[in-house]
Structures are given as structure tokens and as C-alpha cells.
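# Architecture and fold: a report
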Amino acid sequence: MRGRHSEIIVKGDKVVKRFRNNLNYNFWKEARMLNSLQPFTFVPRLHSIKPESLEIEMEYVRGKHISEVLDSIDQIAVGRILDVCRTLDLLGIQKGEMNHPDRHIILSERIVFVDFERSVFKNRPSNLTQFSVYLNSKLELMDEGELKKLLRYYKAEFSDEAYVAVRKRLLKSLE
């Protein structure tokens, strides 16, 4: 498979992501983010980072992209994705692309986020807000005004209480 910045090569239970020669910075950003997120189960396990060839070898996660299951996604999966978004927000990592995560979230026996080369550290990341807007735009869960109000509250407070309010409301809409 070929992406915009890299080539993806599947080798059994591993994936090699090989960046184009002129994208050294993208390689190092992805390597740094994946390495720092290894304590969590929502990223692929790293096997090796090879700077000389701009390759990252990682676990191949078998599953379905969120775009493939969105119409039938359940509350448990959405809840787990929201929890990952909140974790990234608390870590100060703006993943990027959460407003269109169609190929960046894989659902298997666990939820896995991939493609961290556009990630940046921010004081107030917006993973949860971007994913919530995406989810609402695809599934029409609630009135946009209501969602904006909830998300403004979350961004202003950035508290666990605000997160729980957003999470509960989104999950209730999926019933």
C-alpha cells in the first residue's frame, strides 16, 4: 500500500512503514509518538525503528477501519474510542486527522489508532472534540448546537466531569 508520505509493507504479523527519503521529519515524529505511547494498548506494538532506511516496523493489527463499521458501531466501541481521545488529550498529544479518522482507527479485539506522523504536542488538544464532531456528522446523533455547547464546556473546563458529560450524551444518542 502506498500512502501520501510512506509505503506500507505487510510481512506476516508485522507492518513496515517506509517513509520517502525527503520525509525524515515525518519519520521521526511518528517514531517518537509511537515510542512514547507504547505503555498504552491503543497503538501498534513497535518492533524496530530504523533511521538509516526511514522504516518503522510494528505490529500488524487485523481488524476493520472505523469507516467500515460506522453504521453498525456499538456503544462499547464508541466509548473506548472516546476514552482513547480523552487519554491523548490528557497527554497533550494532538493526533491530527481526528476530524476524518476513517482509516486511522482500527477496531479489532481492541481499539487501535494508527498514523501518528502528523501528531504534535499541544496545551489543549482537540482529539475528543474533533472525533465527536466527526461522529455526529456521520451518524446525526444530536443537534449541532447541543453538541457545540457540550464541546465548548469540555474545552473550557478540560475536566473529567466535562468529559463524562460529553461521553454520556454521545453514548445515549447511540441507544
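Higher on the page you've got the structure.
Residues numbered from 1 in each chain as written. Predicted model: local features only at pLDDT ≥ 70, side-chain atom pairs only at ≥ 80, totals over all residues. Heavy atoms only, no water.

## Things to note about unusual backbone geometry
- The phi angle at Glu97 is positive, at roughly 70°, despite the residue not being glycine.
- On the secondary structure map, Glu97 appears in the loop between β6 (93-94) and β7 (105-107).
- The phi torsion at Phe158 lies on the positive side, around 55°, for a residue other than glycine.
- Locating Phe158 in the fold gives a position in the loop between α5 (144-157) and α6 (160-173).
- Note on Phe158: relative accessible area 15%, which makes it buried. (Helix = DSSP H or I, 4+ residues; strand = E, 2+ residues; numbered from the N terminus. Buried < 20%, exposed > 50% of the residue type's maximum accessible area, 1.4 Å probe, protein only.)

## Points about the packing of α5 against α6
- Their axes nearest at 8 Å, the elements α5 and α6 cross at an angle of 155°. One element, α5, and the other, α6, form an angle in the roughly antiparallel class. Crossing geometry of α5 relative to α6 is assigned as left-handed. When α5 is examined against α6, the residues Glu146, Leu147, Leu150, Leu151, Tyr153, Tyr154 and Glu157 are found in contact with a partner set consisting of Glu161, Ala162, Tyr163, Ala165, Val166, Arg169 and Leu170.
- Residues belonging to the contact of α5 with α6 are distributed by class as follows: ten nonpolar, no polar and four charged. (Axes fitted to C-alpha atoms, helices over the stretch in contact; angles between N-to-C directions. Parallel < 35°, antiparallel > 145°, perpendicular 65-115°, else oblique. Left-handed = near helix turned anticlockwise from the far one by under 90°. Contact = heavy atoms within 4.5 Å. Nonpolar A, V, L, I, M, F, W, Y, C, P; charged D, E, K, R; others polar.)

## Notes on the nonpolar core
- In terms of nonpolar packing, the biggest core is built from 47 residues, with Ile66, Ile81, Ile105, Phe113 and Phe131 touching the most fellow members.
- Top element by residues in this core is helix α3 (residues 75-91). It accounts for seven residues.
- Every residue in contact with Ile81, bar those within four places of it in the chain, is listed here: Ile66, Ile73, Ile105, Ile111, Phe113 and Phe131. (Core = buried A, V, L, I, M, F, W, Y, C linked by side-chain atoms within 4.5 Å.)

## Side note on the pattern of salt bridges
- Per the counting criterion, the structure on display carries ten salt bridges.
- Residue Lys17 pairs with Asp115 through a salt bridge whose shortest N-O separation is 2.9 Å. Residue Lys17 is located in strand β2 (residues 14-19), and its partner Asp115 is located in the loop between β8 (111-113) and β9 (120-121); the two are separated by 98 residues in the primary sequence.
- Where Arg167 meets Asp83, a salt bridge forms, and the shortest distance between an N and an O atom there is 2.8 Å. With a gap of 84 residues between them, Arg167 in helix α6 and Asp83 in helix α3 connect regions that are remote in the sequence.
- Since its relative accessible area comes to 24%, Arg167 is described here as partly exposed.
- The partly exposed category is assigned to Asp83, whose relative accessible area is 30%. (Salt bridge = Lys/Arg side-chain N within 4 Å of Asp/Glu carboxyl O.)

## Remarks on the sheet that holds β7
- Read from one edge of the open sheet, three strands run β5-β7-β8, paired in antiparallel fashion. Each edge of the sheet is formed by a strand with only one pairing partner; in this case those strands are β5 (64-65) and β8.
- Looking at chain direction, β5 and β7 are connected through two bridges and run antiparallel. When the sheet's bridge partners are listed, His65 is paired in β7 with Ile106.
- Lying over the sheet, α3 contacts β7 and β8, oriented at roughly 40° with respect to β8. (Pairing = 2+ DSSP bridges.)

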